[in-house]
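# Secondary and tertiary structure notes
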Amino acid sequence: MKVGVFGANGRIGRLLVEILSQHQECKLSAVFVRNKIDVALPSGCLVTNDYQEFIKACDVIIDFSLPEATRQLLSHLLVSPLPLVCGTTGLQSEVLSLMEELAKKTPILYATNMSKGVAILNAILKKVAINFKESDIEICEIHHHNKKDAPSGTALTLAETCAKSRNLDLSKVRVSGRDGNIGARTKDEIGVISLRGGDVVGRHTVGFYADGEYLEFTHNATSRLTFAKGAVDASIWLVKQKNNLYHIQDMMQF
Ligand code: NAD
């Protein structure tokens, strides 16, 4: 299977190049780069900044870039549809709408976290948020100091899962900062707090705090390879699916 990497110069992109260069089932057929690429590529791999040339060289594309770059890629894919695994976070609703439109023409998998552990955590949260309804939900994430978006896409996905399970609109109940004399916590609010520092790959803690007891679930990503491997596995799975917008959980059995 011919796989193209969009964002190949980035932290995750480089790992994708590494994995795909020695994969049994996949071949790195093309990388899209705006300028030069300083990553070793297998022979025959196309290096281009031409969208249509890039798309034509691939059976599936894996995108780990930035929101504006993903928007551009999606607009070109709408002209020439091709399966897409997208891991870029911080996408605005307009970009997500483009993705939904494209998913009518080709299978797409979008996951703000490609790890199995977070997919499992998400599934557990649904049950806890419903059954432990008296608890206050607070989410805390920490990432490396270079991360650009906050809260992390994963934290927002986890918060969305909790909110939906309690029939709440996350945009109305999310609190992502507390400072000064703000008064007591309201019942429905969901705190989503971000820390940044060092080289932390990603840690998310979702807490359910009630009177007399609390539950905390923590996922630690100890290597970025987890995300890159997850995305490659997702691309192998995705090309066999019907046109639709999928999530990483759809690959698993819950
Ligand atoms: P990075 O900044 O190291 O890499 C970004 C890449 O995008 C670079 O190669 C850059 O050249 C490219 N790029 C930027 N603008 C572009 C444009 N206009 N056109 C084409 N390419 C462009 O970032 P990273 O740490 O590799 O993360 C990339 C994205 O993936 C971020 O949104 C991050 O939050 C997300 N991420 C997702 C997961 C997941 O599991 N879904 C895990 C880690 C990171």
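All values reported here derive from a predicted model rather than from experimental measurement. (Residues numbered from 1 in each chain as written. Predicted model: local features only at pLDDT ≥ 70, side-chain atom pairs only at ≥ 80, totals over all residues. Heavy atoms only, no water.)

## A short note on the overall build of the chain
Cut-off, in case you're wondering: The numbering of helices and of strands both runs from the N terminus, where a helix is a DSSP run of H or I of at least 4 residues and a strand a run of E of at least 2. Should any heavy atoms of two residues lie within 4.5 Å, those residues are considered in contact. The method behind every accessible area is Shrake-Rupley, applied with a 1.4 Å probe, and residues are considered shielded solely by the protein chains displayed. In this tally, Lys and Arg are treated as positive and Asp and Glu as negative; His is ignored, and so are the chain termini. The atoms used to mark charge sites are NZ of Lys, CZ of Arg, CG of Asp and CD of Glu.
When helices and strands are counted, the chain shows 8 helices and 12 strands. The principal-axis extent of the C-alpha atoms belonging to the chain is close to 60 × 40 × 30 Å. Considering only contacts in the chain between residues 6 or more positions apart, those separated by 24 or more positions represent 66%. When the accessible surface of the chain is summed, it comes to about 12800 Å², and 49% of that surface belongs to carbon and sulfur atoms. Charge separation in the chain, taken as the distance between the mean sites of 29 positive and 27 negative side-chain charges, equals 4 Å.

## As for the packing of helix α5 (residues 116–131) against helix α6 (residues 153–165)
To keep things clear, this is the line we draw: Comment: axis = line fitted to C-alpha atoms, over the contacting stretch for helices; angle = value between 0 and 180 degrees taken between N-to-C directions. Relative orientations are named as follows: roughly parallel for angles under 35 degrees, roughly antiparallel for angles over 145 degrees, roughly perpendicular for angles from 65 to 115 degrees, and oblique for any other angle. Throughout, a crossing is termed right-handed when the near helix is turned clockwise from the far one, and left-handed when it is turned anticlockwise from it by less than a right angle.
For the pair α5 and α6, interaxial distance at closest approach is 8 Å and the crossing angle is 30°. In terms of axis orientation, α5 runs roughly parallel to α6. When the axes of α5 and α6 are compared, the crossing they make is right-handed. Listed contacts from α6 to Val118, Leu121, Asn122, Leu125, Lys126, Ala129 and Ile130 of α5 are Thr154, Thr157, Leu158, Thr161, Cys162 and Ser165.

## Here we look at α6
Under the convention used in this document: Expected span of a helix: the number of residues minus one, times 1.5 Å. A 1.4 Å probe rolled over the protein chains alone gives each residue an accessible area, and that area as a share of the maximum for its type sets the label: buried under 20%, exposed over 50%, partly exposed in between.
Look at α6: 18 Å from first C-alpha to last across 13 residues, which is about the 18 Å you get at 1.5 Å a residue. Listed as buried for α6 are Gly153, Thr154, Ala155, Leu158, Ala159, Thr161, Cys162, Ala163 and Ser165. If you follow the buried residues of α6, they end up packed against α5, β7 (136–143), α7 (170–173), β9 (190–196) and β10 (202–210). Looking one or two places after α6, you find Asn167, whose phi comes out positive at around 55°.

## Looking at the packing of aromatic side chains
Condition: Pairing of aromatic rings covers Phe, Tyr and Trp, the last counted by its six-membered ring, and requires centre-to-centre distances within 6.5 Å; plane angles under 30 degrees mean stacked, over 60 mean edge-to-face, and any other angle means tilted.
Following the criterion strictly, the structure yields 8 aromatic pairs and no others. With centroids separated by 6.1 Å and ring planes inclined at 40°, the aromatic side chains of Phe6 and Tyr51 adopt a geometry described as tilted. With Phe6 in strand β1 (residues 2–6) and Tyr51 in helix α2 (residues 51–56), the pair connects residues that are 45 residues apart, well separated along the chain. Overall, Phe6 belongs to the buried group, its relative accessible area being 3%. On the basis of relative accessible area, Tyr51 is assigned to the buried category, the value being 13%. Taken together, a centroid distance of 5.8 Å and an interplanar angle of 65° make the contact between Phe32 and Phe54 edge-to-face. One end of the pair, Phe32, is in strand β2 (residues 27–32); the other, Phe54, is in helix α2, with 22 residues separating them in the sequence.

## Observations regarding the pattern of salt bridges
The cut-off we apply is this: Salt bridge, as used here, is a side-chain nitrogen of Lys or Arg placed within 4 Å of a carboxyl oxygen of Asp or Glu.
Tallied over the entire structure, the rule returns 9 salt bridges. A salt bridge links Asp136 to Arg185, with the nearest nitrogen and oxygen atoms 3.4 Å apart. Of this pair, Asp136 sits in strand β7 while Arg185 sits in the loop between β8 (174–175) and β9; the two residues are 49 residues apart in sequence, bridging distant segments of the chain. Assessed through its relative accessible area of 25%, Asp136 is described here as partly exposed. Between Glu138 and Arg185 there is a salt bridge; the shortest N-O distance is 2.8 Å. Taken together, the positions of Glu138 in strand β7 and Arg185 in the loop between β8 and β9 put the pair 47 residues apart, joining distant regions of the chain. The exposure class of Arg185 is partly exposed, given its relative accessible area of 27%. Each of Asp136, Glu138, Arg178, Arg185 and Glu189 takes part in salt bridges that share partners, so that together they form one network.

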